[in-house]
Amino acid sequence: MGRRVYLDNAATTFTRKEVVDEMLPYFTDIYGNPSSVHSFGREAKKALETARERVAKALNAQSSEIFFTSSGTEADNWAIKGVALANQKKGNHIITTSIEHHAVLHTCQYLEKQGFDITYLPVDQYGLVTPEQVKEAITDKTVLISIMFANNEIGTIMPIKEIGAIAKERGVYFHTDAVQAVGNIPIDVNELNVDLLSLSGHKFYGPKGVGALFVRRGVKIHPFMHGGAQERNRRAGTENLPAIVGLGKAIEIAVEKLPEHAKQVSKLRDKLIKGIMEKIDYVHLNGHPEKRLPGNVNFSFEFIEGESLLLSLDLKGIAGSSGSACTSGSLDPSHVLLAIGLSHELAHGSLRLTIGEQNTEEEIDYVLEVLPDIVQRLREMSPLFNQKKGGQLYV
Ligand code: PLP
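Residues numbered from 1 in each chain as written. Predicted model: local features only at pLDDT ≥ 70, side-chain atom pairs only at ≥ 80, totals over all residues. Heavy atoms only, no water.

1. Quick notes on the site of the ligand
- Looking at the ligand, there are 13 residues lining it, with Gly-72, Thr-73, Asp-177, Ser-200 and Lys-203 nearest.
- Between the ligand and Thr-73, the relevant distance is 2.5 Å, taken from an oxygen atom to a side-chain nitrogen or oxygen of the residue.
- A distance of 2.9 Å separates an oxygen atom of the ligand from a polar side-chain atom of His-202.
- Relative to its free-state accessible area of 390 Å², the ligand is covered by the protein chains to the extent of 89%. (Near = heavy atom within 4 Å. Polar contact = N/O pair within 3.5 Å; in protein donor to acceptor, adjacent residues only side chain to side chain. Areas by Shrake-Rupley, 256 points an atom, 1.4 Å probe, with all protein chains shown as cover.)

Put into structure tokens, the structure is as follows:
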């Protein structure tokens, strides 16, 4: 196989070797059920609680406030449906944004069908909502504000601390989907006044299929899965212990490495952004120029079809994405790109390249060498581009 450069770290990351090593014994030697009272069970339970403490420490939470789930998606579903159902006596209004991940948006749309009232706040050209918008949207019936920490497509970081302060002042629960933020931005749930926070193992070099929800003590929330008494009666089902152990180890390392990781990755991001802007005409950077995830690069290319660009890059061994992994495979333009005001054409001409800790400067140079030629070739085939250039080929 030829050269391969993975620049889709927002879709998922590799699993760190130290994480896999920590997980392995829980597939083989330590196989007890954490709910069993015998020594096998106690051994498993101990590992479960160590992982919980590690997650709690990473967020400055109490370990009794951490609940393991099967994914970031489940954590989002649980936070929103669980709070909505438990607080119906107070009200039926939820505030969110138009650029949330589908795990939040589709949950809100489902609740809307059940009679809940949802406000989808619009965002500005960078994908930001303002604290004032949130403040104005709160009514006597508002039970929850759910606003993502950082956007998975365009990398924009929301003003979480300011929104948290408003939620606290108005006595409304505040949930944030921090799936893209953990390991990239320091998080302290107390400083930020966050009441519920979702995270997912496979975005910070941990395993897939495991997540966690932070639920501040005292928050009224219904359980999501009904069954046994696991997770203190709140999330039934025998725990996926190897994955939970892996998530615990991964978050511990992620927090420890965060400053160095953010510095290294944002340096490569800035090099890639600068290089694309210098070498290619008719490009638009999507997302905020500064309030941006360290590894996120997202451009729209005029006169280009994002899918063709992706396929051409793939032939050169470069893995990126157009929109989010969950939406590729569908021909609808990204709801996030439309929400920041892009035309359908520009939304279709987008490319997301997300950098992780394994990427090197040399790999970025390779992308900057290959991408301009691909863009030029695709544009040469575009009648619209040729029209714009008065029949001249792009050189
Ligand atoms: N929320 C955000 C912002 C995401 O980026 C993702 C994954 O892409 C999810 C939620 C879903 O997480 P998971 O893949 O663990 O279900």
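After presenting the structure, the write-up continues.
2. Concerning the sheet that holds strand S3 (residues 93–97)
- The strand order across the open sheet formed by 7 strands is S2-S8-S7-S6-S5-S3-S4, and the pairing between neighbours is mixed. Here the strands that pair on one side only, and so sit at the sheet edges, are strand S2 (66–69) and strand S4 (117–121). Shown here is a sheet whose adjacent strand axes are inclined to one another by a mean of 20 degrees, direction ignored.
- The sheet contact formed by S2 and strand S8 (residues 211–215) spans 4 bridges and is antiparallel. In the sheet register, Ile-66 faces S8, and the bridge partner there is Phe-214.
- Against the sheet, helix H3 (residues 72–86) engages S2, S3, strand S5 (142–146), strand S6 (173–177), strand S7 (196–200) and S8, with an angle of about 160 degrees to S7.
- With respect to the sheet, helix H4 (residues 102–113) is in contact with S3, S4, S5 and S6, its orientation differing from that of S4 by roughly 145 degrees. (Pairing = 2+ DSSP bridges. Helix = DSSP H or I, 4+ residues; strand = E, 2+ residues; numbered from the N terminus. Axes fitted to C-alpha atoms, helices over the stretch in contact; angles between N-to-C directions. Contact = heavy atoms within 4.5 Å.)

3. Quick look at the packing of aromatic side chains
- Summed over the entire model, instances satisfying the criterion amount to 7 aromatic pairs.
- For the pair Tyr-282 and Phe-303, a centre-to-centre distance of 6.0 Å together with 85 degrees between the ring planes defines the contact as edge-to-face. Of this pair, Tyr-282 sits in the loop between helix H8 (241–279) and strand S9 (283–285) while Phe-303 sits in the loop between strand S10 (296–301) and helix H9 (306–315), and the two are 21 residues apart along the sequence.
- Aromatic pair Phe-303 and Phe-385: ring centres 4.9 Å apart, planes at 65 degrees, arrangement edge-to-face. Residue Phe-303 is found in the loop between S10 and H9, and its partner Phe-385 is found in helix H13 (residues 383–388); the two are separated by 82 residues along the sequence.
- The exposure class of Phe-303 is partly exposed, given its relative accessible area of 23%.
- By the ring-pair criterion, three or more aromatic residues cluster together here, those being Tyr-282, Phe-303 and Phe-385.
- Arg-3 extends its terminal NZ or CZ atom over the ring of Tyr-366, reaching a point 4.4 Å from the ring centre.
- The aromatic ring of Tyr-110 is capped on one face by Lys-81, whose charged end is 5.1 Å from the ring centroid. (Phe/Tyr/Trp six-rings, centres within 6.5 Å; stacked < 30°, edge-to-face > 60°. Buried < 20%, exposed > 50% of the residue type's maximum accessible area, 1.4 Å probe, protein only. Lys NZ or Arg CZ within 6 Å of the ring centre and 35° of its normal.)

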